[in-house]
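This is what each chain is made of:
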Amino acid sequence: MGDQWRNAASVRTGAGARYPSVRAAGALMLAGGALALTTVLLPPGPAGSELAVVVVGVVALVLGALLFGLYPRLSEPLLGLVAALGTVMITVSTQEGGASASANEVLYVWVCLYSFYFFSLPHALGQLALIGIAFALMLADSPAATDVAVTSWVVTISTLAVAGLLIARMRVSIEWLLEDLSERAHRDSLTGLMNRRALEERAAVELARARREGTPLSMVLFDIDNFKTLNDSFGHAVGDDVLRHVAGTVVDATRAVDAVARLGGDEFVVLLPGADREEAMAVAARLRGETLRRDRGDSPPATLSIGVATWPAAGDSLERLWRAADLAAYEAKRAGGNEIRFSSRAGDPPASSVTAGALRS
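Please read all numbers here as calculations on a predicted model, not as lab measurements.

Undergrad: How should I be thinking about the environment of Leu137 in this particular structure?
TA: Tracing the chain through its elements places Leu137 in helix H7 (residues 121–140). Residue Leu137 is classed as exposed on the basis of its relative accessible area of 56%. When the C-alpha positions of Leu137 and Thr91 are compared, they lie 8.8 Å apart, and in sequence the two are 46 residues distant.

So this is what it looks like as structure tokens:
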């Protein structure tokens, strides 16, 4: 499965994913320990060392309890040691318990499915190889005929391999689906830009960085002038085309580190990390100029009413920065459109900065 498997494995075993993987290992250990102790009480009695089975059960219970308490501090290699220990414990308890090897190989499914679900492919295959060795040693110590033992080993390990690969493939497919759904939840379907939710998440991160590093953060908020009239006159298909045209223009006119979002309707926002007032105003002028210059074919050129605000002058929070930019855009719209206004603080009358006449000249 190549890179896709490695990407999925990194998600499963990363810092945020260690909690479920360690808890799952703990749950399996607790279940295995309880099962080992239960078999001591059930007929027939252990053919080997009853004490060995009890020790295995107690160790499994203790380890399972510890895993529930140590989950933040375990990496995949350590979890691999836990899985390998599980294989050894299954082998020892089966041999000492006197049960037929071929009747208890199903217990290895626990380790196999866990490994293929949470580990990388090479690691999971390594765990399967260890199971194969342990099962072979168990069969070699059993009274079964050689040909029967070989057949049992081949069928069991092949079945475990198929089951493991299937569960891993299903997990990768689910992760691809979740990633796609997450992307859709954060993207505007018409323009491919961020949506409001994604922008708010990104803005919170950028504001925290600006506070930490003492750098400015600017917001450019704008909408398309007379967009409703354009929709009514030319139809929604042309309106959608204008929205895509504006979105493409904004992406081309901004940096890769900038966040560009469509909030809905004809309203857009550009977040400019590290940009002060002068830089943000220059970006706004470039956006308006490029949007106006680009040939729109049969429909009229799109003009923008743009508001600009910069943190920390606009206030000490994201809400104040947003409100300042929104008020500035409102003033640009009230001035007749195709204007840019800058607001130093939310609630202050925005100051005119760049006029349409200056842009045309």
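Now, onward.
Undergrad: Looking at this structure, how should I read the pattern of salt bridges?
TA: Side-chain pairing between opposite charges can occur once the charged atoms of the two side chains come close. Using the criterion set out here, one finds 11 salt bridges in the structure. For the salt bridge of Asp223 with Lys333, the shortest nitrogen-to-oxygen distance reads 3.0 Å. Of the two residues, Asp223 sits in strand E1 (residues 217–224) while Lys333 sits in helix H13 (residues 318–334), which places them 110 residues apart along the sequence. In this structure, the salt-bridge partner of Lys228 is Asp232, at a minimum N-O distance of 3.1 Å. Of this pair, Lys228 and Asp232 both sit in helix H10 (residues 227–234), four residues apart, which is roughly one turn of that helix. Among the residues examined, Asp232 registers a relative accessible area of 55% and is labelled exposed.

Undergrad: What should I look at first to understand the pairing of E1 in this one?
TA: Within E1, seven of the eight residues are buried, leaving the element largely enclosed by the surrounding structure. As judged from the seven bridges shared by E1 and strand E3 (residues 267–273), these two strands associate in the antiparallel manner. Its bridge partner lying in E3, Phe222 is registered against Phe268.

Scoring rules and cut-offs
Residues numbered from 1 in each chain as written. Predicted model: local features only at pLDDT ≥ 70, side-chain atom pairs only at ≥ 80, totals over all residues. Heavy atoms only, no water. Helix = DSSP H or I, 4+ residues; strand = E, 2+ residues; numbered from the N terminus. Buried < 20%, exposed > 50% of the residue type's maximum accessible area, 1.4 Å probe, protein only. Salt bridge = Lys/Arg side-chain N within 4 Å of Asp/Glu carboxyl O. Pairing = 2+ DSSP bridges.

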